[in-house]
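One-letter residues, chain by chain:
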Amino acid sequence: MRAPARASVYHALCAPSPTVSSHRPSAATAVFLTVHGKFPQNGNPRRLFSHTPRAQADFTHAVIGAGVVGLAVAQELARRSGSPGSTVLLERHNAIGTETSSRNSEVIHAGIYYGASSLKTSLCLHGKHLLYSLCSSRGIPHRRTGKWIVAQNDLQLAALEQIHSFCTNEINVPVNWVSLDEASRREPAVHAEKAILESPTTGIIDSHAYMLSLLGLFEEAGGTLALNSAVQSITPLSGSSPVPGSAGWELVVRDPSTGEESTITAETIINSAGLGAVDIHNMIVPKDQHKKMYFAKGNYFSYPASQPKVNTLIYPAPEPGNGGLGTHLTLDLAGRIKFGPDVEWVDSPDDLAVNTTRLPQTIAEVKKYLPTLDETQLQPDYAGIRPKLAKAGAVAHGKGFVDFVIRKEDGYEGWINLLNIESPGLTSSLAISEKVRQLLYT
């Protein structure tokens, strides 16, 4: 990546770019977000940053976190506003989508695990349709691979029967049983001792291409992306009304590469910081309302061997209390196989090295449904961290299920909080963006 090319404070914001940073030249000088790279030749200023009342805030919306959900929300709000420069997207890293958004299975989920009344179900179902439509209209690489959920014992069979009933009788999602004879013809390498349930609307997506497409929509609407902009503090402003945030919000952001800070104001803030969302939440609320984040690390292993060949995503049937959906077989768009994620509780979101001591457990789990696996071919690939509000189950029928938290926070004006946005966050992202807009404007 190029070194930042910073303009003086007398330059304007140029067209939004994926490389944006902020700085404060002096306490007596108005502050700008500056864009790396080329600046306008005429030098005419476009936006001054200063501490102002809500009616004169620097931005209408400040979205925190440029992962897939933050990008979806930012482009939705920027397009809704119709005013160039109304929305700023703050990202602490030097690129978009470097955390959970780029370290996952890249699966478009069907929405079949989470309970009819949950946000995970409603937003995944709606988001799936929005996502397939956007992929088709904007040429985002994807494929409807379908998914098999396989049961090896009576407990898993009962889970499959429950999923089938739920999909058929409550949420109207297509699923069908695959007989073991049919399975042996379609996927001869896959073994199921008891049963197989097929989800034909499950698919895969190039998540990086999707995020770049969202960024394009954001920029086309005049949005401003500020990279290297880690939020240090957030202050709700009160004017004639005593309600915090009624006069907007003041955010102090820091460039981690230089230590320089900027202060900006926004009428509304959207906390979509993913792994950092609880930290953002805790910056605002009193200490007795602080939350704790739990980090579920998932290790992935690639499989470069040509055999056994599988063309469908394979998931083990869920078991109550698991923090994930089991170590599954997924494919990339080139047909390469990878296995994961498992669930390893870690203390830090920066613990991203693949834990190779988990390999024997991964092999044991995979061989239950892929017995001819050549275990010598498995290689450490990557790891991702899922942000969770509890060490809880991944499915609504398991113990301690925790749903998405997407709400306009009581006692504040203009703050939308997004917490526990893990799987199926990517699939749900466009639906989440619509919900955020509705919370702000209806």
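All values reported here derive from a predicted model rather than from experimental measurement.

Each value, and the rule that gives it
- Residues numbered from 1 in each chain as written.
- Predicted model: local features only at pLDDT ≥ 70, side-chain atom pairs only at ≥ 80, totals over all residues.
- Heavy atoms only, no water.
- Helix = DSSP H or I, 4+ residues; strand = E, 2+ residues; numbered from the N terminus.
- Buried < 20%, exposed > 50% of the residue type's maximum accessible area, 1.4 Å probe, protein only.
- Contact = heavy atoms within 4.5 Å.
- Areas by Shrake-Rupley, 256 points an atom, 1.4 Å probe, with all protein chains shown as cover.
- Arc of directions from axis to C-beta.
- Pairing = 2+ DSSP bridges.
- pLDDT = per-residue confidence, 0-100.
- Axes fitted to C-alpha atoms, helices over the stretch in contact; angles between N-to-C directions.
- Parallel < 35°, antiparallel > 145°, perpendicular 65-115°, else oblique.
- Core = buried A, V, L, I, M, F, W, Y, C linked by side-chain atoms within 4.5 Å.
- Left-handed = near helix turned anticlockwise from the far one by under 90°.
- Nonpolar A, V, L, I, M, F, W, Y, C, P; charged D, E, K, R; others polar.

1. Considerations on the overall build of the chain
So, step 1. Helices and strands together make up the secondary structure of the chain, namely eight helices and 22 strands.
So, step 2. Within the chain, the proportion of its 442 residues that are buried is 56%.
So, step 3. At a minimum sequence separation of 6, the contacts of the chain that also span at least 24 residues come to 72%.
So, step 4. In the structure as shown, the chain presents an accessible area of about 17800 Å², 49% of it carried by carbon and sulfur atoms.

2. A look at unusual backbone geometry
So, step 1. In this structure, Pro341 follows Gly340 across a cis peptide bond, with omega equal to -5°.
So, step 2. Looking at the secondary structure, you find Pro341 in the loop between β18 (337-340) and β19 (344-346).
So, step 3. Looking along the chain, the bond that leaves Ser423 and enters Pro424 is cis, with omega of 5°.
So, step 4. You can see Pro424 is positioned in the loop between β22 (415-419) and α8 (425-441).
So, step 5. Phi is positive for Asn172, close to 55°, though the residue is something other than glycine.
So, step 6. Here Asn172 lies in the loop between α3 (154-171) and β8 (176-178).
So, step 7. Its identity as a non-glycine residue notwithstanding, Asn228 has a phi of 50°, on the positive side.
So, step 8. Assignment of secondary structure puts Asn228 in the loop between β11 (224-226) and β12 (230-236).
So, step 9. A relative accessible area of 11% places Asn228 in the buried class.

3. Topic: helix α7 (residues 359-369)
At 3.6 residues per turn, the α-helix brings residues three or four places apart onto the same side.
So, step 1. Among all positions in α7, only Thr362, Ile363, Val366 and Tyr369 are buried. Down the axis of α7, the buried side of the element spans an arc of 120°, and every buried residue falls inside it.
So, step 2. Here the buried face of α7 lies against β7 (147-151), β15 (294-303), β16 (313-316), β17 (328-331) and β18.

4. As for the pairing of β18
So, step 1. On β18, burial covers both faces: Ile337 and Phe339 on one face and Lys338 and Gly340 on the other are all buried.
So, step 2. Judged from the three bridges that link them, β15 and β18 form a sheet pairing that is antiparallel. Bridge pairing in β18 links Phe301 to Phe339.
So, step 3. Bridging between β17 and β18 involves four bridges; their strand directions are antiparallel. Residue pairing in the sheet places Leu329 in a bridge with Phe339 of β18.
So, step 4. Here β17 folds back onto β18 in antiparallel fashion, the turn holding five residues, of which Gly335 has a positive phi close to 90°.

5. Quick word on the confidence of the model for the chain
So, step 1. Residues at a pLDDT of 70 or more form 85% of the chain, whose mean pLDDT is 87.
So, step 2. Counted against residues more than four places away or in other chains, residues 1-54, with its pLDDT under 50, gives 141 contacts.

6. Section: the packing of helix α2 (residues 119-138) against α8
So, step 1. One way to put it is that α2 packs onto α8 with a least axis distance of 6 Å and a crossing angle of 100°. When the axes of α2 and α8 are compared, the pair comes out roughly perpendicular. Together, Leu119, Lys120, Leu123, Cys124, His126, Gly127, Lys128, Leu130, Leu131 and Leu134 of α2 and Leu426, Thr427, Ser428, Leu430, Ala431, Ile432, Glu434 and Lys435 of α8 make up the contact between the two elements.

7. Let's talk about the nonpolar core
So, step 1. With 46 residues, the main nonpolar core has Leu329, Phe339 and Leu370 as its most contacted residues.
So, step 2. Here this core gets five residues from one element, more than from any other, and that element is α3.
So, step 3. Core analysis: the second largest hydrophobic core is formed by 41 residues, Ala78, Leu89, Leu134 and Met211 among them.

8. Some points on the sheet that holds strand β5 (residues 107-108)
So, step 1. Taking strand neighbours across the sheet as the criterion, the three strands line up as β5-β10-β6 in an open arrangement whose pairing is antiparallel. Each of the sheet's edge strands pairs with one partner strand only, and the pair in question is β5 and β6 (142-143).

9. Things to note about the packing of helix α5 (residues 207-220) against α8
So, step 1. Relative to each other, α5 and α8 sit at 15°, their axes nearing to 12 Å. Judged on the interaxial angle alone, α8 and α5 are roughly parallel. Here α5 and α8 pass one another in a crossing that is left-handed. Every residue of α8 that contacts α5 at Ser207, Tyr210 and Leu214 is listed here: Leu426, Ser429 and Leu430.
So, step 2. Classifying every residue of the contact of α5 with α8 by side-chain character gives four nonpolar, two polar and no charged.

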